[in-house]
Amino acid sequence: MSLEEYIEQHSSPENEALAQITRMTNVNVLNPHMLSGQVQGRVLSFLSKMIKPKRILELGTFTGYSALCLAEGLTADGELITIEHNDELEDTIRQNLALSPLGEKIHLIISDAKQWLASNSASGPTSNSEAFYDLVFIDADKREYTDYWNLVLPLVCPDGWILADNTLWDGHIIDSDYDRDKQTLGLRAFNDAVAANEFVEQVILPLRDGLTLIHKLK
């Protein structure tokens, strides 16, 4: 038994809706490894339950798994907005979200995440209660992470949280063989930008591909 298998066996299992999404994604969708999966899904759920967000923003939906995990922590009147660029996945995502009652709290937008953020950042939040996000999950184009960071940070409320996936990039982040890889370079730039920002505190967890937890101080 591998350590990964041991961790999975001793972590809470997926609910039936998430298990169905896992099966469907592995059978029918290209690059199924992009799915958050059982252990990371439980981490996202636990973090959301601890934060108790009213508004969540997710950049990069894939097949809807992580959105449903994050939605587990929403307040009773909460909502989650999720942005997905791949319009070919729209029907699949909507079908998957409909597997859970939490899907009713999730609003799917098919759009380029950077363009959508630029439009919403330009208008700016109108008040702390209406337009700020309590929690943001970044899991879209790795080359664009720094742009997402710059656009999304003003939309996060003081004492809010940002989670960023894939920030260790299977170890490529410190591998000189990937010094010309645009996705690796994008993630390195993002990690450096976060570390240099005096208005946040952060930690990178070696979970799967790396998960960065960022706390906005003010």
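Before any of the text, the structure's been laid out above.
A brief structural summary. (Residues numbered from 1 in each chain as written. Predicted model: local features only at pLDDT ≥ 70, side-chain atom pairs only at ≥ 80, totals over all residues. Heavy atoms only, no water.)

## Some thoughts on the sheet that holds strand S4 (residues 133-138)
Heads up, the rule is: Two strands pair under a simple rule: DSSP has to find at least two bridges between them. Secondary structure is summarised from DSSP: a helix means a run of H or I of at least four residues, a strand means a run of E of at least two, and numbering begins at the N terminus for each. Here an axis means a line fitted to C-alpha atoms, over the contact stretch when the element is a helix, while the angle between two N-to-C directions is reported on a 0 to 180 degree scale. Residues are treated as being in contact if the distance between any of their heavy atoms lies within 4.5 Å.
A sheet is described by the order of its strands in space; here seven strands give the open sequence S3-S2-S1-S4-S5-S7-S6, paired in mixed fashion. The open sheet has two edge strands, strand S3 (106-110) and strand S6 (200-205), and neither has a second partner. Geometrically, the sheet is characterised by an average inter-axis angle of 15 degrees between neighbouring strands, direction not taken into account. The pairing of strand S5 (residues 156-165) with strand S7 (residues 211-216) spans five bridges and is antiparallel. When the sheet's bridge partners are listed, Leu163 is paired in S7 with Leu213. The strands touched by helix H7 (residues 145-152) within the sheet are strand S1 (55-59), S4, S5, S6 and S7, with S5 carrying the most contacts at an inclination of about 165 degrees. Across the sheet, helix H8 (residues 182-196) lies against S5, S6 and S7, angled at about 140 degrees from S6, the strand it touches most.

## Some thoughts on a nonpolar patch on the surface
Definition in use: By definition, no residue in a patch forms a salt bridge, and every one has over 30% relative accessible area; like charges are joined within 9 Å, nonpolar side chains (Val, Leu, Ile, Met, Phe, Trp, Tyr) within 5 Å. Note on areas: Shrake-Rupley with a 1.4 Å probe; residue coverage comes only from the protein chains shown. The salt bridge definition used is simple: a Lys or Arg side-chain nitrogen within 4 Å of an Asp or Glu carboxyl oxygen. The buried label goes to any residue with under 20% of its type's maximum accessible area, the exposed label to any with over 50%, and the partly exposed label to all in between, with areas taken from a 1.4 Å probe on protein chains only.
Taken together, the side chains of Met1, Leu3, Tyr6 and Ile7 present a nonpolar region at the surface, about 470 Å² in accessible area. Tracing the backbone through its elements, the reader meets Met1 in the segment before helix H1 (3-9). With a relative accessible area of 68%, Met1 lands in the exposed category.

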